[in-house]
Amino acid sequence: MKNMKKIVCILSTLMLVLCTVGCSVNEEQPAEPRLLLGFSQVGSESAWRIGNTKDIEQAAEDYGVSLMFENANQKQENQIDAIRRFIAYKVDVIAFSPIVEEGWDNVLNEAKEAGIPVILVDRDVSTDAEGLTRCLIGADFYKEGVMAAEYLIRKADSLGLDKVNIVEITGTENSTPMRQRQAGFFDTIKGDDRMVLLESIDGDFLKSRGAECMRSLLGKYGDGIDVVFSHNDEMTLGALPEIEKAGYVPGTDMIIISIDGGQEAIDVLKEGRINCVVECTPKLGKELMETALKLKAGEEVEPLIHPVEEVFSDEQDTSLIAPRGY
Ligand code: GZL
């Protein structure tokens, strides 16, 4: 009988040890990633871009996705190199935000031949080839341009303006947001004889270039400028001090229209130095992870996913605008 008790005691201890070790081993073993995703980001040129990167990184963590992230620092060749590394590494899915629309066919064909699906995030590519990408997750930039112009028409009506001289500071030339924001804006005002474009100048979505462009435009047109239409907040925030240095009050002497909707621009909108900010959300990470996981599972995915976006302007009580998170 005594021996039996000893055996039971030893077995119980052994079971306890095994469970403890087992638990600690399970606790220490990170869960296998559900997917290996290669992502090539344009750069870090704006608060929007930095917010987009943070949102994608957080979404990868939330969804248990292993993220290979590469920052191209505004160079297309760096994006092409990164996509080739993802192919060599045999990632499950490739995603990227193409800095410009042209020049991707070769590397996207290589991904297709390697059997790796590609998701476009934020921006689009221009190609005649079929089936190089599976989905575009990003804003309707044309609609953003339309919403900016519709605000301007309402503003001109409310001020009783019979002439509206516009200068445009554009984003990166040949990028999707630049092309479509411009098209949406000018398609919307083209029937309105009050609206005159004085000049359009490339600010490359950069704050420093926004300041340079504004200095040049002020030098040429001065108080002939009624409206500044800027394709992103970064360039707008670069332009405002130049307008003030030239002796003008932005938001009063000149109507200021911007796109992105980051916190800094919304704060300036609340001060009345910007009149309208069209939202372009950088929060695309959730849709990216869900789409990538569907592709890995062999499921069909929507070819186009547009987030819902709104307009913030001096037509509303801007004190009610919630914190933006980017
Ligand atoms: C828009 C995005 C643009 C932002 C800029 O989705 O591609 O690039 O408007 C960013 O701020 O640089």
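Note: the structure precedes this text.
This structure is a prediction, so every number in the text was calculated from the model and none was measured.

**Some details on the pattern of salt bridges**
One side chain can pair with another of opposite charge once the charged atoms of both are near each other. All told, the structure shown has 23 salt bridges when counted by the stated rule. A salt bridge links Lys296 to Asp92; its shortest N-O distance comes to 3.9 Å. Of this pair, Lys296 sits in helix 10 (residues 285-296) while Asp92 is found in the loop between helix 3 (76-88) and strand 3 (93-96), placing the two residues 204 residues apart along the sequence. A salt bridge links Asp260 to Arg181, with the nearest nitrogen and oxygen atoms 3.9 Å apart. Residue Asp260 is found in strand 9 (residues 255-260), and its partner Arg181 is found in helix 6 (residues 176-189); the two are separated by 79 residues along the sequence. An identical accessibility class is assigned to Asp260 and Arg181; each is buried. By sharing partners, the salt bridges in this structure join Glu45, Arg49, Asp122 and Arg123 into a single network.

**A short note on the packing of helix 5 (residues 141-159) against helix 6**
One way to put it is that helix 5 packs onto helix 6 with a least axis distance of 7 Å and a crossing angle of 40°. Judged by the sense of rotation from one axis to the other, the crossing of helix 5 with helix 6 is right-handed. Facing Phe141, Tyr142, Glu144, Gly145, Val146, Ala148, Ala149, Glu150, Leu152 and Ile153 of helix 5, the residues of helix 6 in contact are Thr176, Pro177, Gln180, Arg181, Ala183, Gly184, Phe185, Asp187, Thr188 and Ile189.

Cut-off values and rules
Residues numbered from 1 in each chain as written. Predicted model: local features only at pLDDT ≥ 70, side-chain atom pairs only at ≥ 80, totals over all residues. Heavy atoms only, no water. Salt bridge = Lys/Arg side-chain N within 4 Å of Asp/Glu carboxyl O. Helix = DSSP H or I, 4+ residues; strand = E, 2+ residues; numbered from the N terminus. Buried < 20%, exposed > 50% of the residue type's maximum accessible area, 1.4 Å probe, protein only. Axes fitted to C-alpha atoms, helices over the stretch in contact; angles between N-to-C directions. Left-handed = near helix turned anticlockwise from the far one by under 90°. Contact = heavy atoms within 4.5 Å.

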